[in-house]
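# Survey of secondary and tertiary structure
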There are 2 protein chains.
Amino acid sequence: MKRSSRLSLALHALVHLHKQPDEAITSATLAQCLMTNPVVVRRVLGELREAGIVTASKGHEGGWRLLCPAGEISLRQVYAAMGESLLIRTESDPGDIECGIVRTVNSVMGDFLADAEALLAARLERVSIADIARQASPNPLHPHGAINHG
Amino acid sequence: MKRSSRLSLALHALVHLHKQPDEAITSATLAQCLMTNPVVVRRVLGELREAGIVTASKGHEGGWRLLCPAGEISLRQVYAAMGESLLIRTESDPGDIECGIVRTVNSVMGDFLADAEALLAARLERVSIADIARQASPNPLHPHGAINHG
DNA sequence: AATGATGTAACAATAAAAGTTACATGAAAC
DNA sequence: GTTTCATGTAACTTTTATTGTTACATCATT
């Protein structure tokens, strides 16, 4: 895994959980699907658990499940749950603050980013996990659309 | 300096150049203002030079100057010149591409980010370096800022 | 020529993210 | 109640991106 891809990981995992609603999926299995480590999966899904999107059960037949239908899980919820921003912070060192120009640049960019953040959230609200799953395999009857990837 | 702050650095430098239009400012001087290193300044301003926003002259009395009035330099131009995105890339490893779900997640997020990028650019277009300079230290004598034409 | 600036390569230091190991905790099966 | 298997989490290592630094070639001006 290379970049800041926790959001991607989360979305990917959620689609898998959506596609297999009958039984819980373990971190180890998901890790194989996502080509990463079980602990990384737990870290990411742990945030989704705290946000009430998924649930985890221990022991035999344990693992992860969705807590609500995939059509009701918006990307905005997932995004918010991850506690990270799609926007890069542009602020400079606190030490620079004594310079009025730096303060203003930080302020202008801060306002701008806050604005942009709200805009992004509004757009993410419109897409659900089910939308992604649908797009991943539009027609389950067609062979290459219906493969159970993993 | 901590984070991805090249855009902030660029804006800060441009405001300084705007405020001292009579003489060129050296990388060393700017580095002091921006609390960073002369080479870093050259790297950042070098991109602005390639974008036609500033010019650099060598030798005695050399340094950096604006190529056009600060009121005509939009943050979008500066943003584009930096060749970086305010949006974090969310794609996973190329190795993951064999999985249809990963492809779809990457595709969905890619489309979304491209869309968002255009939106950000449109908003950055509306703010100029002069706007930031004005906000940093409003000039009581010239409330609208002196247009440096020629 | 001497001076003083940029341009750039090469490397070091730093910080952020992800990967890994190890183990405690809890739930279900036997 | 013991065993088994899963999560929860801490601690550490590895990797990657960014920035900082040094060094020096290049070029313009005096």
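Here we summarise the structure given alongside this text.

The rules we used
Residues numbered from 1 in each chain as written. Chains lettered and ligands numbered in written order. Predicted model: local features only at pLDDT ≥ 70, side-chain atom pairs only at ≥ 80, totals over all residues. Heavy atoms only, no water. Helix = DSSP H or I, 4+ residues; strand = E, 2+ residues; numbered from the N terminus. Contact = heavy atoms within 4.5 Å. Areas by Shrake-Rupley, 256 points an atom, 1.4 Å probe, with all protein chains shown as cover. Buried < 20%, exposed > 50% of the residue type's maximum accessible area, 1.4 Å probe, protein only. Core = buried A, V, L, I, M, F, W, Y, C linked by side-chain atoms within 4.5 Å. Least-squares fit on C-alpha atoms with pLDDT ≥ 70 in both. Salt bridge = Lys/Arg side-chain N within 4 Å of Asp/Glu carboxyl O. Buried area = accessible area lost by both parts, 1.4 Å probe. Arc of directions from axis to C-beta.

## Re the overall build of chain A
Along the backbone of chain A there are 7 helices and 2 strands. Long-range contacts, defined here as pairs at least 24 residues apart, represent 64% of the contacts in chain A between residues at least 6 apart. A total of about 7700 Å² of accessible surface is found on chain A, and carbon and sulfur atoms cover 51% of it.

## Describing the environment of A:A51
Residue and element names in this part refer to chain A. Note that A51 resides in the loop between helix 3 (38–50) and strand 1 (54–57). Residue classification places A51 among the partly exposed positions, given a relative accessible area of 41%. Distance in space between the C-alpha atoms of A51 and E117 is 19 Å, their sequence separation being 66 residues.

## Looking at the nonpolar core
A:L48, A:V78, A:L86, B:L48, B:V78 and B:L86 are the most contacted members of the largest nonpolar core, which has 86 residues in total. The element contributing the most residues to this core is helix 5 (residues 100–124) of chain B, with 10 residues.

## Observations concerning the relation of the copies chain A and chain B
Mapping between the two copies of the chain is achieved by a rotation about an axis and a shift along the axis. Each copy of the sequence occupies a distinct position, and chain A is placed on chain B by a rotation of 180 degrees and an axial shift of 0.0 Å, giving an RMSD of 0.2 Å. Both chain copies can therefore be described as sitting about a two-fold axis. If distances are taken from each C-alpha of chain A to the rotation axis, the shortest is found for A:L87, at 2.4 Å. A symmetric contact is evident, with 98% of the interface residues of chain A recurring at the interface of chain B.

## Brief notes about the side chain of B:H16
Relative to the assigned elements, B:H16 resides in helix 1 (residues 6–19). According to the relative accessible area criterion, B:H16 is buried, its value standing at 17%. In this view, B:H16 contacts A:C99, A:I101, B:I25, B:L30, B:C33 and B:L34; residues no more than four positions away in its chain are not counted.

## Digging into the pattern of salt bridges
Per the counting criterion, the structure on display carries 10 salt bridges over all chains. Its salt-bridge partner being A:E125, residue A:R76 comes within 2.6 Å of it at the nearest N-O pair. Of this pair, A:R76 sits in helix 4 (residues 75–82) while A:E125 sits in the loop between helix 5 (100–124) and helix 6 (129–136), and the two are 49 residues apart along the sequence. A:E125 sits in the partly exposed class, given a relative accessible area of 40%. A salt bridge links B:R123 to A:D115; the nearest nitrogen and oxygen atoms lie 2.3 Å apart. In this pair, B:R123 is assigned in helix 5 and A:D115 in helix 5, connecting two distinct chains. The class of B:R123 is partly exposed, set by a relative accessible area of 25%. Salt bridges sharing partners connect three or more residues here, namely A:R6, A:E47 and A:E84.

## Structural notes on the interface of chain A and chain B
Listed per partner, the contact involves 47 residues of chain A and 46 residues of chain B. Across the chain A/chain B interface, buried area totals approximately 4300 Å², and carbon plus sulfur atoms make up 69% of it. Contact with chain B buries area across many residues of chain A, yet A:I88, A:I101 and A:F112 alone supply 14% of it, more than any other trio. Scanning the region where chain A abuts chain B turns up 2 salt bridges.

## Looking at helix 2 (residues 27–34) of chain B
Residue and element names in this part refer to chain B. The set of residues buried in helix 2 consists of S27, L30, A31 and L34. For helix 2, the angular spread of the buried residues around the axis is 105 degrees, confining them to a single face. The inward-facing, buried residues of helix 2 abut helix 1, helix 3 (38–50) and strand 2 (63–66). Looking one or two residues beyond helix 2, the residue adopting positive phi is M35, at roughly 55 degrees.

Note that all results are geometric; they support no functional claim without further evidence.
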